[in-house]
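Chains, contacts and geometry: an overview
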Amino acid sequence: MSLVSFDFIVFLIVAVILFYAKKGLQKYILLFLSIVFYFSISAVSKPKLALLTCYVVFVTYAGAILIEKSRGRIRSIMLTLTITALAAVLVVLKYAYNLCSLFMEIFRMDGDVSFLQFA
């Protein structure tokens, strides 16, 4: 779904109506509609990104709940763990393919690491 398509306009209108129709469920409606939007982008063009989207949404949501419910030093630890888990995605996406290819080339190993390329 492109931001300049008719589908997006319809999606946006439905999202705004749902958001203002259900006052107590706004947080969950936004979460659900965000997931639908990101899946419509990633699942069509690159199915591997749908799994990545699930991971990022789950870690962010669970981390936010844990941070909100904890106090003191535990709160700082939860924040650090959440940021580390999300930064790990960036590191894997950016460096995993290159590091594995380099490692295999240095040790003259045969194998296919193309599954690590998300782009």
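Scroll up a little and you will see the structure.
A brief look at the structure comes next. (Residues numbered from 1 in each chain as written. Predicted model: local features only at pLDDT ≥ 70, side-chain atom pairs only at ≥ 80, totals over all residues. Heavy atoms only, no water.)

Here we take up the overall build of the chain. Secondary structure assignment for the chain yields four helices and zero strands. Put simply, the chain runs from its N terminus to its C terminus through helices and strands in the order α-α-α-α. For the chain, whose C-alpha radius of gyration is 19 Å, the value lies well above the compact-globule estimate of 14 Å for 119 residues. Counting only C-alpha atoms, the chain reaches 60 × 45 × 15 Å along its principal axes. (Helix = DSSP H or I, 4+ residues; strand = E, 2+ residues; numbered from the N terminus. Rg over C-alpha atoms; globule rule 2.2 N^0.38 Å.)

Attention now goes to a nonpolar patch on the surface. Taken together, Val91, Tyr95, Leu99, Leu102, Phe103, Ile106, Phe107 and Met109 make up a surface patch of nonpolar side chains, about 830 Å² in accessible area. Among the secondary structure elements, valine 91 is positioned in helix 4 (residues 73–106). Assessed through its relative accessible area of 47%, valine 91 is described here as partly exposed. (Patch = residues over 30% accessible without salt bridge, like charges linked within 9 Å, V, L, I, M, F, W, Y side chains within 5 Å. Areas by Shrake-Rupley, 256 points an atom, 1.4 Å probe, with all protein chains shown as cover. Salt bridge = Lys/Arg side-chain N within 4 Å of Asp/Glu carboxyl O. Buried < 20%, exposed > 50% of the residue type's maximum accessible area, 1.4 Å probe, protein only.)

Turning next to the environment of tyrosine 61. With respect to the helices and strands, the residue tyrosine 61 is situated in helix 3 (residues 48–69). When sequence neighbours within four positions are dropped, the list of residues in contact with tyrosine 61 reads Tyr28 and Leu31. (Contact = heavy atoms within 4.5 Å.)

Applying the stated criterion across every chain yields a total of five aromatic pairs. With centroids separated by 5.1 Å and ring planes inclined at 85°, the aromatic side chains of phenylalanine 19 and tyrosine 20 adopt a geometry described as edge-to-face. Classification of tyrosine 20 as exposed rests on a relative accessible area of 53%. Feature note: the residues Phe8, Phe11, Phe37 and Tyr38 constitute an aromatic cluster, connected by ring pairs. (Phe/Tyr/Trp six-rings, centres within 6.5 Å; stacked < 30°, edge-to-face > 60°.)

Among the structural elements, serine 42 can be located in helix 2 (residues 26–45). When its relative accessible area of 6% is taken as the criterion, serine 42 is described as buried. Distance from serine 42 to isoleucine 9, taken between C-alpha atoms, is 18 Å for residues 33 residues apart in sequence. Not counting residues within four places of it along the chain, the set of residues in contact with serine 42 comprises Pro47, Leu49, Ala50 and Thr53.

The next subject is the nonpolar core. With six residues, the main nonpolar core is built from Phe8, Phe11, Ala15, Ile29, Leu33 and Phe37. Of all the elements in the fold, those that place two or more residues in this core are helix 1 (6–21) and helix 2. Excluding residues within four positions of it along the chain, isoleucine 29 makes contact with Leu18, Phe19 and Lys22. (Core = buried A, V, L, I, M, F, W, Y, C linked by side-chain atoms within 4.5 Å.)

At arginine 108, a position not held by glycine, the phi torsion is positive, near 50°. Along the polypeptide, arginine 108 turns up in the segment after helix 4.

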